[in-house]
Amino acid sequence: MRIALISDIHGNEVALRAVMASIQATGVDQVICLGDVATLGPRPVAILDMLRELGCPCILGNHDEFMLDPGLIRAYTEAKIVVDAVDWCRDQLSEDDLAFLRTFQARLEIPLDASATLLLFHGSPRSHMEDLLAETPPEELDRRLAGHAATVMAGGHTHVQMLRQHRGTLLVNPGSVGLPFKEYANGGPPTLMHHAEYAIVEARGGAINVSLHRVPVDRDALRAAVKACDNPMRDALLQQYA
């Protein structure tokens, strides 16, 4: 069983196409999306179309819920550019798009083999707005993972790739397809890296393997996609992709 994990696409069609090409070349049994798919970037509708066509399970991220509950973003951040970009992306979506987002699940647990399980979420098992980091103290991790057990647990949200062992469980963050951060931003303005990220979890013969992947992205195509929209994040993204 080989499962590709993608997360935090954020409306970046160019990056998602690069990641999917890499995944298809590598070969997997299943792709699972860990949420935050259609906000901030220039092509929210294209991302939803691709995910529908892919037919993969999708986890509900905080930004996905921002699409469904317009007031929630204002309780999450006071950054006007982020609020305005979320509102812009929501305005691009049809009722069918919103209905698709409502099918996203808060958590998903699947078997990897006869003795191993994979638990999937966006931030933590208890909240899609909670961070699991390499430097999170073990006792705090205990609280954030309380009541849940699995061989491998995977979530996104932080936009920072991670593989960490915690009391026997492997904690995985595949990073971000569309907006990979150079370092944890903690609510501040991030520095983006010019690649796209994903992870593969593999179970074979009782062995578990997790690999983190980085894929080059065509920056000219990124800039062209951003220039073609009037998303409020347009200028900020163009500066990052300069």
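Rules and cut-offs
Residues numbered from 1 in each chain as written. Predicted model: local features only at pLDDT ≥ 70, side-chain atom pairs only at ≥ 80, totals over all residues. Heavy atoms only, no water. Helix = DSSP H or I, 4+ residues; strand = E, 2+ residues; numbered from the N terminus. Buried < 20%, exposed > 50% of the residue type's maximum accessible area, 1.4 Å probe, protein only. Polar contact = N/O pair within 3.5 Å; in protein donor to acceptor, adjacent residues only side chain to side chain. Contact = heavy atoms within 4.5 Å. Pairing = 2+ DSSP bridges. Axes fitted to C-alpha atoms, helices over the stretch in contact; angles between N-to-C directions.

Visitor: Even after reading the chapter, I still don't get the side chain of Thr-136, so can you show me in this structure?
Guide: Note that Thr-136 resides in the loop between β4 (117–120) and α7 (138–145). Residue class for Thr-136 comes out buried when judged on its relative accessible area of 7%. Among the polar contacts made by the side chain of Thr-136, one reaches the main-chain amide nitrogen of Leu-133 at a distance of 3.0 Å.

Visitor: Teacher, can you tell me more about the side chain of His-166 here?
Guide: Mapped onto the secondary structure, His-166 falls in strand β6 (residues 162–166). Beyond its immediate stretch of four places on either side in the chain, His-166 contacts Pro-138, Leu-141, Asp-142, Leu-145 and Leu-171.

Visitor: Just checking my understanding: could you explain the sheet that holds β6 for this structure?
Guide: Within a sheet, neighbouring strands are paired by backbone hydrogen bonds and run either parallel or antiparallel to one another. A sheet is described by the order of its strands in space; here five strands give the open sequence β3-β4-β5-β7-β6, paired in mixed fashion. Each edge of the sheet is formed by a strand with only one pairing partner; in this case those strands are β3 (108–111) and β6. For this sheet, the mean angle separating the axes of adjacent strands, direction not counted, is 20°. Across the face of the sheet, α7 comes into contact with β5 (152–154), β6 and β7 (169–173) while running at roughly 95° to β6.

Shape descriptors only; they carry no functional weight alone.
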